[in-house]
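If you want the building blocks of each chain, they are given just below.
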Amino acid sequence: MKTSYKVHYSKIVFISIITLLCSFTTNGQNFAKEFLNNQKDSISQDIVYLYINPTINYRNESIDKIPNFNKLDSQTQKEMLNKYAPLIDKINDSILLTNYTQQIKNTLSDLGFKVIMVTNLDLLPKTIDQTTHTLNVAQMEIEEYTFTDSLIYEQDNKQTYYKQLNGVSFNSWLIYNEADTNSRLVFYFDQELTDFFEGEIKFVDGNYFASYDYEKINVEDAYMTANISGTTSAQYFFNFLMNKYVWIKSSGIDIYYYGIDPKTKKIYSETQPFDNFDIVDYQ
């Protein structure tokens, strides 16, 4: 009888835990949907004051590591730039800035926020409440880099073909509620594209040879990184505010993370964080 009682009690506890978790999920999803629905009403919608630094920095570690690069003759510099920084003279900063600004602003608006662009940091509000936020895109950089990829023969991994590839990345640092010491955070996001390189090593007539398709990145790829970065940053910011809203409404007990598909407006949930910024130390 004693053993039977224990088994019966364990089943009750297990069922209670499952019921409790389901309750957390249901409530959390309802709060997430509530946040989304709030953005459809001008009275309840969140307001985002958005400032974007008009300067874009350039970085290339390969060039930076070349000793006394600035003292090299012009022909040698040109050869090094063609090898390690093929886009440096082709990228137009104003196009990058325009692409990024349009995408982050339009996506934030499309997700329901009232977006107010400011041209000076001093114009960001000093008083923050639960539905008023400031987002300062404090730093952006376009980065060119090189890396090595390889093809490996499946039957003999000693037969390897290496190829140096180029990549371009649009990196951004965004400060949330800079005037509020309690909620101030720095988000980091990078969007990269690389040379296309795909193929295999073949063994024919006693010889190994690499067969592959290769396409170099171009200036349009650099502009695309700014487009994607703006759109994705807006999506991640929405996710951040939505999860913050759920956390507050559930008194911090909801165990799920929520994210939105910016195209369909469908909300997803998982037990681990997803579709979110990296958080970096505030300087």
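So, a few notes on the structure that sits alongside this text. (Residues numbered from 1 in each chain as written. Predicted model: local features only at pLDDT ≥ 70, side-chain atom pairs only at ≥ 80, totals over all residues. Heavy atoms only, no water.)

Turning next to the nonpolar core. Counting 45 residues, the largest nonpolar core has Y100, I104, L108 and F237 as its most contacted members. Of all the secondary structure elements, the ones that give two or more residues to this core are α1 (2-38), β1 (47-52), α4 (93-110), β4 (132-153), β5 (156-176), β6 (185-194), α5 (219-249) and β9 (257-260). It is α5 that contributes the most residues to this core, 12 residues altogether. With residues near it in sequence (within four places) discarded, L108 still touches V48, L50, F113, V115, A234 and F237. Counting residues in each nonpolar core, the second largest holds six residues, with I66, F69, L81 and A85 among its members. (Core = buried A, V, L, I, M, F, W, Y, C linked by side-chain atoms within 4.5 Å. Buried < 20%, exposed > 50% of the residue type's maximum accessible area, 1.4 Å probe, protein only. Helix = DSSP H or I, 4+ residues; strand = E, 2+ residues; numbered from the N terminus. Contact = heavy atoms within 4.5 Å.)

A few words on the packing of aromatic side chains. Following the criterion strictly, the structure yields 21 aromatic pairs and no others. A ring pair is formed by W173 and Y188, whose centres lie 5.0 Å apart and whose planes are at 50°; its orientation type is tilted. Taken together, the residues W173 in strand β5 and Y188 in strand β6 connect sequence positions 15 residues apart. Given a relative accessible area of 18%, Y188 falls into the buried group. Taking the centre distance of 4.6 Å and the plane angle of 45° together, the rings of F203 and Y208 count as tilted. An aromatic cluster of three or more residues is present, and its members are F35, F113, Y176, F187, F189, Y236, F237, F238, F240, Y245 and F277. We note K163 situated over the ring of Y214; from NZ or CZ to the ring centre the distance is 4.4 Å. (Phe/Tyr/Trp six-rings, centres within 6.5 Å; stacked < 30°, edge-to-face > 60°. Lys NZ or Arg CZ within 6 Å of the ring centre and 35° of its normal.)

This brings us to the pairing of strand β7 (residues 196-204). Successive side chains on a regular strand alternate, one facing one side of the sheet and the next facing the other. Of the pairings in the sheet, the one linking β7 to strand β8 (residues 207-215) comprises nine bridges and is antiparallel in character. Paired with E198 across the strands is D213, a residue of β8. In sequence, β7 turns back onto β8 through a hairpin of two residues, with D205 there showing a positive phi of about 50°. (Pairing = 2+ DSSP bridges.)

This paragraph deals with α5. Here α5 spans 46 Å end to end across 31 residues, near enough to the 45 Å set by a 1.5 Å rise per residue. S251 sits one or two residues past α5 and shows a positive phi near 60°. (Expected span 1.5 Å × (residues − 1).)

The subject of this paragraph is the environment of N60. Mapping N60 onto the fold places it in the loop between β2 (56-59) and α2 (61-64). Residue classification places N60 among the buried positions, given a relative accessible area of 2%. For N60 and E144, which are 84 residues apart along the polypeptide, the C-alpha to C-alpha distance reads 5.2 Å. Among residues more than four places away in sequence, those in contact with N60 are Y84, A85, E144 and Y145. Side-chain polar atoms of N60 contact the backbone nitrogen of I63, separated by 3.0 Å. Separated by 3.3 Å, the side chain of N60 and the backbone oxygen of E144 make a polar contact. (Polar contact = N/O pair within 3.5 Å; in protein donor to acceptor, adjacent residues only side chain to side chain.)

Distances and angles like these do not, on their own, reveal function.
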